[in-house]
Amino acid sequence: MFDSLALLPPDSILGLAAACRADSNPDKVDLTLGVYMDETGLCPVFEAVQQAQRDLVQEEMTKVYMPPQGDAAYLEGVQTLVLGEERRALLGDRLTAVQTPGGCGAVRLGAEVIFAAAPTATVWVSDPTWPVHIPLMGSVGLQFKSYRYYSAAIRGLDFTAMLEDLEAASPGDIVLLHGCCHNPSGVDPNAEQWQALATFMAERALVPMVDFAYQGMGAGLSEDAAGLRCLIDHIPEMIIAVSSSKNIGLYRERAGAVIFLGGDARAAEAMASQAVSAARRVYSMPPAHGALLAGRVLSSPDLRSQWAAELAQICQRINGLRRDFCDALIAETDRDFAFISEEHGMFSFLGLSVEQAQRLRNDKSVYVLDSSRINIAGLNAGNMDRVVNAVSAVL
Ligand code: LMR
């Protein structure tokens, strides 16, 4: 039965992370996968999470299934984090949320709900976008078109081209947006552009689906939510896919949530019911551990402020790395890399060809994606010079 089954190639991101792990060069540098790494190259567990984990181990009395909708404290905490107290209160029962296995689970359940409501709707995705978006949502049955977003010529967002392309969208189409720290480019709309986008989408009855995986990693927790909150103030329906992988560091625990904003309470409840039913068809109920930890962190004033301070330090360090890397690249190559210090979050394109990216990996053991996307958070004082020299050499 499986004799002629196609053997699939490795994933374009995870496959390169595996290739780096397999490289025996002691000086290899892994800039592939989007995980935060500290100065020692470790993806650390937040201290606030460690405390929550100790408490949970002491207090947990059961391993019975989670409720289908997920952990109430986690869902409460995440909604407040994303929307802020004021908007949450204002939107009241037009908001519902369902806990998911990571941000991927949230994108997937969001897609299931879109398909249940409007199977012929087109989903508009940025060019480029995270390579998993299309398979993740497309396997539900949705159709895609892309809008121009990152321009290599200007090393930034081509907002005019973006709106020009979205002019072709029909009312009820979905526009997939990255709430902050665009993956893979690191390029986000500015405040004026978010405002213009919100008006544009409201006028054309386009529905935003926001992938919000990096809140707090770009400029700060509320700064990174500003664009999304601007959309919410103008648009009556929205889906937000939240991940706690990066900003609470729960990667392997698969903690995430999908938030639904409906035109009224009934619609919001229907959206959540569809998500819960879609989950039941695939994995039944969400995993407990990560969401229970995050729920504890977000609902305890002490742990929350400790976590927020740790996250702020991470954000500061990433922005410092951006500046140092940019300065070092300019000094070494005499080319313009200023864009690196202006972008947000973990990712940037180096602007290399596929062939140059491959040479970085094969000749220098510096692992970047074929698109030349790098994870800035994989840099540190110990490997920065090596990376800068390697980039200069392949240029
Ligand atoms: C990435 O883009 O590297 C991360 O979102 C991790 C992943 O699953 O691809």
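Please refer to the structure higher up on the page.
The notes below deal with the structure included here. Being a predicted model, the structure only gives us computed values, none of them experimental.

1. What to know about helix α14 (residues 354-364)
- Those residues of α14 not exposed but buried are Gln356, Ala357, Leu360 and Arg361. For α14, the buried positions fall inside an angular range of 140° around the axis, keeping them on one side. Turned more than 90 degrees from where α14 packs its buried face, Asn362 and Asp363 sit exposed.
- If you follow the buried residues of α14, they end up packed against α1 (14-22), β12 (366-367) and α15 (384-394).

2. Here's the deal with the sheet that holds strand β10 (residues 255-261)
- Strand order in the open sheet formed by seven strands is β2-β10-β9-β8-β7-β3-β4, with mixed pairing between adjacent strands. Among the strands making up the open sheet, the edge pair consists of β2 (95-101) and β4 (143-148). The average undirected angle you get between the axes of adjacent strands in this sheet is 25°.
- Sheet topology places strand β3 (residues 122-127) next to β4; six bridges connect them, and they run parallel. Note on β4: the bridge partner recorded for Asp127 is Arg148.
- Helix α10 (residues 265-282) contacts β2, β9 (238-243) and β10 of the sheet and is inclined by roughly 15° relative to β2.

3. Here's the deal with the packing of helix α5 (residues 102-117) against α10
- Interhelical geometry of α5 versus α10 gives an angle of 115° and a closest axis separation of 9 Å. The two elements α5 and α10 cross, and the hand of that crossing is right-handed. On α10, the residues touching Leu109, Glu112, Val113 and Ala116 of α5 are Met271, Gln274, Ala275, Ala278, Ala279 and Arg281.
- Of the residues belonging to the contact of α5 with α10, the class tally is seven nonpolar, one polar and two charged.

4. Some words on the nonpolar core
- Of all hydrophobic cores here, the largest spans 100 residues; its most connected members are Ile240, Trp307, Phe325 and Leu350.
- The biggest single contributor to this core is helix α12 (residues 301-333), with nine residues.
- Residue assignment places this core across two domains, with domain 1 (12-45 + 304-394) and domain 2 (65-299) each supplying three or more.

5. Notes on unusual backbone geometry
- The amide bond that connects Asp127 to the next residue, Pro128, takes the cis arrangement and shows omega of 5°.
- Looking at the element boundaries, Pro128 is found in the loop between β3 and α6 (133-138).
- Of note, the amide linkage connecting Asn183 to Pro184 takes the cis form, showing an omega dihedral of 25°.
- Structurally, Pro184 is set in the loop between β7 (174-178) and α8 (191-203).
- Of note in this structure, Cys181 is not a glycine but carries a positive phi near 50°.
- With respect to the helices and strands, the residue Cys181 is situated in the loop between β7 and α8.
- Classification of Cys181 as buried rests on a relative accessible area of 2%.
- The phi dihedral of Ala205 falls on the positive side, at around 55°, and the residue is not glycine.
- By the secondary structure assignment, Ala205 is in the loop between α8 and β8 (207-212).

Cut-offs and rules
- Residues numbered from 1 in each chain as written.
- Predicted model: local features only at pLDDT ≥ 70, side-chain atom pairs only at ≥ 80, totals over all residues.
- Heavy atoms only, no water.
- Buried < 20%, exposed > 50% of the residue type's maximum accessible area, 1.4 Å probe, protein only.
- Helix = DSSP H or I, 4+ residues; strand = E, 2+ residues; numbered from the N terminus.
- Arc of directions from axis to C-beta.
- Contact = heavy atoms within 4.5 Å.
- Pairing = 2+ DSSP bridges.
- Axes fitted to C-alpha atoms, helices over the stretch in contact; angles between N-to-C directions.
- Left-handed = near helix turned anticlockwise from the far one by under 90°.
- Nonpolar A, V, L, I, M, F, W, Y, C, P; charged D, E, K, R; others polar.
- Core = buried A, V, L, I, M, F, W, Y, C linked by side-chain atoms within 4.5 Å.
- Domains from an automatic or database assignment.

By themselves, these observations are geometric and do not establish any function.
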